[in-house]
Each structure stands twice: as structure tokens, then as C-alpha cells.
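# Structural overview
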Amino acid sequence: MAVSASPSPPVRLALPDPAATADLARRLARIARPGDVIGLGGALGAGKTLFARAFINRIAELSGVAAVEVPSPTFTLMQEYVFPGATVSHFDLYRIERPEDTWELGIEDAFAAGISLIELPERLGPLLPHLRLDVVLSQGAAPEARVAEIAGTGDWPARLRGVLPDE
């Protein structure tokens, strides 16, 4: 089967509250595997870090590890979580000025060896891998509601079947 670098048509999901955003993250964590790159887009306060916390703690649970504290990496730029069978690198590129600055963070190693969650992936410019899953969160109809737009390349479209509801 050929692996496509063209994005799948985006799936839009209404997320009525933070619990629904966390549930989406946990569902995606179930199908994530080492080598995956997941871009988390959206405005400040859209729920990217909430998504990352739920995702990372689901990986911890699947690895038989108790829940872990997941601080926002806005100031540290990257947090790494090592679990049996999976390492998750959580990047927040808000303070990155040039894509090349991410080499110092070990982003290339993270891409090769673990699961990478990248807040504000567009800041990577040409360094952003073509094979990835993009999750963009935006404001929904109510103050706590969000809309997720999800699109993937490579084998992500096939992996998402059965995980995302048909919209």
C-alpha cells in the first residue's frame, strides 16, 4: 500500500467542553506509536496543552504507569516523558524565533525515536515532517466548546478510521 504525503480531507469535530477535548486526545493516544509527529495548532487558550496532558497521561496509562504531571513547556520549550514502550516529547514552539533553533532541543531525535507532540507546529517551517497528524483547535459555539480539525498524511487516514466519529 502506498503511503501518501498529501493530507487527508480534514475531519471537523465539535467538542462541547474540555472533557470532550481530553477524550479526543485519549482516543488518538491509543493509536499513536513511536515515530509519530502530531501537530497541535490553534490560538492561545484553544486547548493545546489540555490536549497534550490527556494524550500523555493516556500513554502513561497504556504503559502501566501512574498519571504524570504535564506542565506547559512554554518556558522550557520541550518536556520529555519516558514510558515503557514509548517516549513522548512535548514541544511548545511559542518562543522559537527560527526553525533551526529546534535542533538544540533534540527535535530530530524525538522525531526518529518517539511520539512528538508539537504545539504551534507551523513555527517549524520547512523542518516540519510531511508525514504527520495535524489537530487544530479553535473556539466553538460556547465559551468552553472547541472545534477540532483533524487531517493526516501517511497512514494516519487509515489509522483514524474507527477512532473518529463520522462527521
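Residues numbered from 1 in each chain as written. Predicted model: local features only at pLDDT ≥ 70, side-chain atom pairs only at ≥ 80, totals over all residues. Heavy atoms only, no water.

## Looking at unusual backbone geometry
The backbone of Leu120 sits at a positive phi, close to 60 degrees, despite the residue not being glycine. Tracing the backbone through its elements, the reader meets Leu120 in the loop between β5 (115-119) and β6 (133-139). For Leu120, a relative accessible area of 10% puts it in the buried group. (Helix = DSSP H or I, 4+ residues; strand = E, 2+ residues; numbered from the N terminus. Buried < 20%, exposed > 50% of the residue type's maximum accessible area, 1.4 Å probe, protein only.)

## Quick word on helix α2 (residues 48-62)
Each α-helix winds once per 3.6 residues, and so residues spaced three or four apart point in a common direction. Across its 15 residues, α2 extends 21 Å between first and last C-alpha, which sits within 8% of the 21 Å expected from 1.5 Å per residue. Listed as buried for α2 are Lys48, Thr49, Phe51, Ala52, Ala54, Phe55, Ile56, Arg58, Ile59 and Ala60. Where α2 is buried, its residues contact α1 (18-31), β2 (37-41), β3 (78-83), β4 (86-92), β5 and β6. Of the residues one or two after α2, Gly64 is the one with positive phi, at around 80 degrees. (Expected span 1.5 Å × (residues − 1). Contact = heavy atoms within 4.5 Å.)

## Considering the environment of Phe55
As for its placement among the helices and strands, Phe55 is situated in helix α2. A sequence separation of 62 residues divides Phe55 from Leu117, and the C-alpha atoms of the two residues are 9.1 Å apart. Residues in contact with Phe55, not counting those within four places in the same chain, are Ala25, Leu28, Ala29, Ala32, Ile38, Ile115 and Leu117.

## Regarding the pairing of β2
Taken across its five residues, β2 has five buried, putting it largely inside the fold. As paired elements, β2 and β5 share four bridges and run parallel to each other. Paired with Val37 across the two strands is Ser116, which belongs to β5. Pairing geometry for β2 and β6, over four bridges, is parallel. By the bridge assignment for β6, Gly41 is matched with Val136. (Pairing = 2+ DSSP bridges.)

## Structural notes on α1
Here α1 spans 21 Å end to end across 14 residues, near enough to the 20 Å set by a 1.5 Å rise per residue. Along α1, the residues that are buried comprise Ala20, Thr21, Ala22, Leu24, Ala25, Arg27, Leu28, Ala29 and Ile31. Those residues of α1 that are buried lie in contact with β1 (11-15), α2, β6, β7 (146-152) and α4 (156-160).

## Topic: the pattern of salt bridges
Under the definition given, this model contains nine salt bridges. Put simply, Asp23 and Arg27 hold a salt bridge, and the shortest N to O gap is 3.1 Å. Of this pair, Asp23 and Arg27 both sit in helix α1, four residues apart, roughly one helical turn. Looking at Asp23, the relative accessible area reads 33%, which means it is partly exposed. Overall, Arg27 belongs to the buried group, its relative accessible area being 16%. Close ionic contact of Asp101 with Arg98 constitutes a salt bridge, the shortest N to O distance being 2.9 Å. One network of salt bridges, with partners in common, ties together Arg33, Asp36, Asp155 and Arg159. (Salt bridge = Lys/Arg side-chain N within 4 Å of Asp/Glu carboxyl O.)

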